[in-house]
Amino acid sequence: MADEQVGRVLGVDPATSTEFRVVIDADNYLQLDDLVEVRTHVPKVGEVHLYGLVTEVAARYEGARFESDMFLIAEEGSLPAELARSATVQTIRVDPEIWVAPDPGEPVYRVAGHSRDKALYADEMGRRLPIGFARDGEPIWVDLDFFDGRKGGHISISGVSGVATKTSFALSFLRSLTAHPEVVGQAASNVRVLVFNVKQEDLLWLDRPNSELNDEARRQWERLGIPAEPFPSVSFWAPPRGPVGLVPDTDSRSVGVSAFSWTPQEFIELGLLRFLFVESGDFRQQLTFVEERVRSQLQKLYEPVDGRPGVVRIGTRMVSSLADLVEVIEQHVDPEDGEPEQSWTGRVQGGTAQAFMRRLRAAEYRIGRLVRADGNRVDRMAEAVTVVDLHKLHDFAQRFVVGALLDEVFAGKEKTGQRLPLQVILLDELNKYAPREGHSPIKEVLIDIAQRGRSLGIILIGAQQTASRVAPEVVENASIRVSGRLDAAEAERAEYGWMLPSTRARARLFKPGTMVVFQPGIPAPLVFTFPYPPWATRPEEAVEAGDPFEGLL
């Protein structure tokens, strides 16, 4: 497709090397986010190509002086005037890099084909992955070098809950990632994705076709080079319904969903006790100090029980559940007829030991069903995508599960020291697990992943309503920033400094499915849309794999 002339560089206002205006041809138009090119002649250099992004458009009557002149011009025709439409363009690339202003009067072209690739730096992307469509209806890409750890890592997605489509975009991105092994390269082998489902049971249908997918959406997926099909390799996990039997606690789906839990032995060996003390107040009250002593004692004193895998013995007491473990700890930390043992509590006050036990008793009530003799840990390697459903768990239990699994991922990658295979983590409500203020073991793990994860092959896709409430270390280490609709006050925060003023203003008005992306390789945010998902996002959309009554009379 050839470039199309749409106007000329305006000479009324000075054009600069970073911004200039275009007067638009009477029979053409420019809209926000259009990409344009100007070829200007520079003495001693030759032709220089300036590529720009339309950031604002305007229209006016030339010759009108007063508001009432509109009636004379538009209705009566008694006042001569000319309609003039113009656009403001921000320069995003100059080739060769001779930073000059375009000459006034030079033709301005809407880019297409090779020129469009140049404007989007696509010609410099070694591995470009399609993520959606720009305003001109053509594909837009991200440079994978800034995702999988080669030059940068992690994605931060922000937006208002319910309309920003944060999770939908993240899944769309993951579908593109798993559908383009030729782009991902060596890292495509055995890439594993861990997804935490925190809202309803929407993500328990990723393996089922979407009955509401229309032909237009199918064509869009095909244009991105992605089959309009659900995820081909997914495993689903949910907490057990009760203390007896490993029946997943789900409502809309039970077939194909496994119940996860940990044995008392795993709970002790993995040091999961620390994920029961994750609130800021725990640190101030010295509960975390007691927890460290207790955790150390448990790991020192426990013994496996022959013939009963997962069950341990501590002293004379057999431990087959979290309730058993809490009773053992209480005998040492807050005994009924004696003083706390200093080897378990240190020199803390009796009130601190009692507060520790109160927290532990509360934890027993909330996560007791997750620690049991018939423990069944989440198998993250069984399928390419692993969905862990948390939405029915108490907030306290959600933090425990997230902390335990993130720690398992990080410890596993640290042990191997290998970047490949890649482990991608999709975590929503990041501001809850890594808040800007306070300390917690989960926050420490997430900061560690943000800072060192890319070198270990752990890539975090974090989603949150407000990036301003997330720990700065996590947001700042995300190379790729994406945002859907933003709250008006949130859009003005410094965390969105990567947006242009015009983009900030429009971010308050984005429709569902419209987002803006910023990546290091392109010095401007780009607005885009992504196709309707081919996988079901709720039970009503799921197409059953077959007739469940087939063959029955």
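To keep things clear, this report deals only with the structure shown in the data block. (Residues numbered from 1 in each chain as written. Predicted model: local features only at pLDDT ≥ 70, side-chain atom pairs only at ≥ 80, totals over all residues. Heavy atoms only, no water.)

This part covers the pattern of salt bridges. All told, the structure shown has 43 salt bridges when counted by the stated rule. For the salt bridge of glutamate 540 with arginine 538, the shortest nitrogen-to-oxygen distance reads 3.2 Å. The structure contains a network of salt bridges with shared partners spanning Arg93, Asp95, Lys118, Asp123 and Glu124. (Salt bridge = Lys/Arg side-chain N within 4 Å of Asp/Glu carboxyl O.)

On the basis of which strands lie adjacent, the closed barrel formed by 6 strands has the order β1-β2-β5-β4-β3-β6 and antiparallel pairing. Averaged over all pairs of adjacent strands, the angle between their axes in this sheet comes to 45°, without regard to strand direction. (Pairing = 2+ DSSP bridges. Helix = DSSP H or I, 4+ residues; strand = E, 2+ residues; numbered from the N terminus. Axes fitted to C-alpha atoms, helices over the stretch in contact; angles between N-to-C directions.)

To continue, consider the environment of alanine 471. Structurally, the position occupied by alanine 471 is in the loop between β18 (458–464) and α15 (472–476). A relative accessible area of 0% means that alanine 471 is categorised as buried. Distance from alanine 471 to leucine 246, taken between C-alpha atoms, is 36 Å for residues 225 residues apart in sequence. When near neighbours in sequence (up to four residues on either side) are disregarded, alanine 471 contacts Ala434, Pro435, Arg436, Lys443 and Ile447. (Buried < 20%, exposed > 50% of the residue type's maximum accessible area, 1.4 Å probe, protein only. Contact = heavy atoms within 4.5 Å.)

Position of serine 468 among the secondary structure elements: in the loop between β18 and α15. Each C-alpha atom of the pair serine 468 and arginine 452 lies 22 Å from the other, and the pair is 16 residues apart in sequence. Residues in contact with serine 468, not counting those within four places in the same chain, are Arg436, Glu490, Arg493 and Glu495. Polar contacts involving the side chain of serine 468 include one to the side chain of glutamate 490, which spans 2.9 Å. (Polar contact = N/O pair within 3.5 Å; in protein donor to acceptor, adjacent residues only side chain to side chain.)

With 81 residues, the main nonpolar core has Phe196, Leu276, Ile329, Phe356, Phe400, Val401 and Leu427 as its most contacted residues. With 10 residues, the single largest contributor to this core is helix α12 (residues 395–416). Ignoring any residue separated from it by four or fewer positions in sequence, one finds leucine 427 in contact with Phe196, Val402, Leu406, Tyr433, Leu446, Leu460, Ile461, Gly462 and Ala463. Formed by 72 residues, the second largest nonpolar core is a distinct cluster that contains Phe133, Trp205, Phe231 and Val385. (Core = buried A, V, L, I, M, F, W, Y, C linked by side-chain atoms within 4.5 Å.)

This brings us to the sheet that holds strand β15 (residues 317–319). Read across the sheet, 3 strands follow the order β13-β14-β15 without closing on themselves; strand pairing throughout is antiparallel. The strands lining the two open edges of the sheet, one partner per strand, are β13 (302–304) and β15. Here the strands of the sheet are splayed against their neighbours by 35° on average, with no regard to which way each runs. The pairing of β13 with strand β14 (residues 312–314) spans 3 bridges and is antiparallel. Along β14, the bridge assignment pairs proline 304 with valine 312. Helix α8 (residues 287–301) rests against β13 and β14 of the sheet, and its axis sits at about 40° to β13.

What follows deals with the side chain of serine 261. Within the secondary structure, serine 261 sits in the loop between β12 (257–259) and α6 (264–269). Exposure remark for serine 261: the relative accessible area of 0% places this residue in the buried category. Sequence-distant contacts of serine 261, that is, excluding residues within four places in its chain, are made with Leu246, Glu266, Arg369, Leu370, Arg372, Asp374, Gly375, Asn376 and Arg377.

So, on to the pairing of strand β10 (residues 192–197). When you tally the buried positions in β10, you get 6 out of 6 residues, the bulk of the element. Note: β10 against strand β17 (residues 423–427), 4 bridges, orientation parallel. For leucine 194, the partnering residue across the bridge sits in β17 and is isoleucine 425. Alignment of β10 against strand β16 (residues 385–389), held across 5 bridges, turns out to be parallel. By the bridge assignment for β16, asparagine 197 is matched with aspartate 389.

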